[in-house]
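An overview of the molecular structure
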Amino acid sequence: MLWKNTDTNFKPGELMKQSAVCAGTFDPLTFGHLDVIERASRIFPRVVVGVAKSEAKSPLFSLDERIDLVRTSTTHLLGIEVKSFSGLLVDFAEQESASVIVRGLRAFSDFEYEFQMALTNRQMKPVIETLFLMPKQDYSYVSSSNVREIAKMGGNIDQFVPAPILKALHGRYS
Ligand code: COA
């Protein structure tokens, strides 16, 4: 009866047979995001990548472009679905019948924000678990805004983003 101690009713080991959600603005997707999505796809049979509208961030790429870029960058992975969402992440997870929210933890500096978000999400929907995965160390400092800035100033971003994103950024700033 160990599982009864948590808010979820899954028996031991069952959670990893469920769907998971990986969410972000992905403006644009980086190798760091992709690393977390790949790790999640090795754990869960179905991973829904939720591309947040994030209008407040005034993204460089439109929602449709971001979805398309995530899709074309994840074609090598099985069990991945890419969808947009607006509103609460827990509602999106529920709508997608996902029991887990996967988040990438790059550095200690991410912790405070992620901790707050995970506990708030748990407060709203106790049955949804948050799982943190660490991307490869090489990507622990990469962020979408860094990548956008380097691309804008003509720097080399090959090591930070997959080929479709590289092409899209070159197109945007050429
Ligand atoms: N590798 C590389 N970069 C990463 C990364 C990783 N593994 N994880 C995060 N980042 C970067 C992102 O690129 C982003 O960089 P930027 O600020 O330079 O663009 C930054 O870290 C923040 O990323 P993230 O925390 O994923 O923010 P986000 O804006 O992309 O997505 C949502 C956050 C959409 C998941 C979150 O705001 C959300 O859940 N929104 C829905 C509303 C909601 O439910 N609110 C209540 C929350 S308690």
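One can find the structure itself at the top, above this paragraph.
Right, let's walk through the structure included here. This is a predicted model, so every value here is computed, not measured.

1. Structural notes on the site of the ligand
Taken together, 25 residues sit near the ligand, with Thr25, Lys57, Arg103, Ser144 and Ser145 positioned nearest. One of the side-chain nitrogen or oxygen atoms of His33 is found 3.1 Å away from an oxygen atom of the ligand. A distance of 2.9 Å separates an oxygen atom of the ligand from a polar backbone atom of Leu89. The protein chains hide 80% of the 940 Å² of surface that the ligand would expose on its own. Sorting the residues of the shell around the ligand by element identifies strand S1 (19-24), helix H1 (31-43), helix H4 (108-124) and helix H5 (144-152) as the ones contributing at least two each. Here the shell around the ligand gets five residues from one element, more than from any other, and that element is H4. Of the residues that constitute the shell around the ligand, the class distribution is ten nonpolar, eleven polar and four charged.

2. A word on the sheet that holds strand S3 (residues 80-85)
Strand pairing in a sheet takes place through backbone hydrogen bonds and is either antiparallel or parallel in direction. Reading across from one edge, S3-S2-S1-S4-S5 is the order of the five strands in this open sheet, with parallel pairing throughout. Since the sheet does not close on itself, it has two edges, and those belong to S3 and strand S5 (129-133), each with one partner. Across the sheet, the mean angle separating the axes of adjacent strands is 30° when strand polarity is ignored. In this sheet, strand S2 (residues 46-52) lies alongside S1 in parallel orientation, the contact comprising six bridges. Looking at S2, one finds that Cys22 is bridged to Val49. Sitting on the sheet, H1 touches S1, S2, S3, strand S4 (98-104) and S5, and the angle it makes with S5 is about 120°. Strands in contact with helix H2 (residues 63-73) are S2 and S3; relative to S2, the strand with the most contacts, it is inclined by about 150°.

Rules used throughout
- Residues numbered from 1 in each chain as written.
- Predicted model: local features only at pLDDT ≥ 70, side-chain atom pairs only at ≥ 80, totals over all residues.
- Heavy atoms only, no water.
- Near = heavy atom within 4 Å.
- Polar contact = N/O pair within 3.5 Å; in protein donor to acceptor, adjacent residues only side chain to side chain.
- Areas by Shrake-Rupley, 256 points an atom, 1.4 Å probe, with all protein chains shown as cover.
- Helix = DSSP H or I, 4+ residues; strand = E, 2+ residues; numbered from the N terminus.
- Nonpolar A, V, L, I, M, F, W, Y, C, P; charged D, E, K, R; others polar.
- Pairing = 2+ DSSP bridges.
- Axes fitted to C-alpha atoms, helices over the stretch in contact; angles between N-to-C directions.
- Contact = heavy atoms within 4.5 Å.

Nothing here speaks to function; it is geometry throughout.
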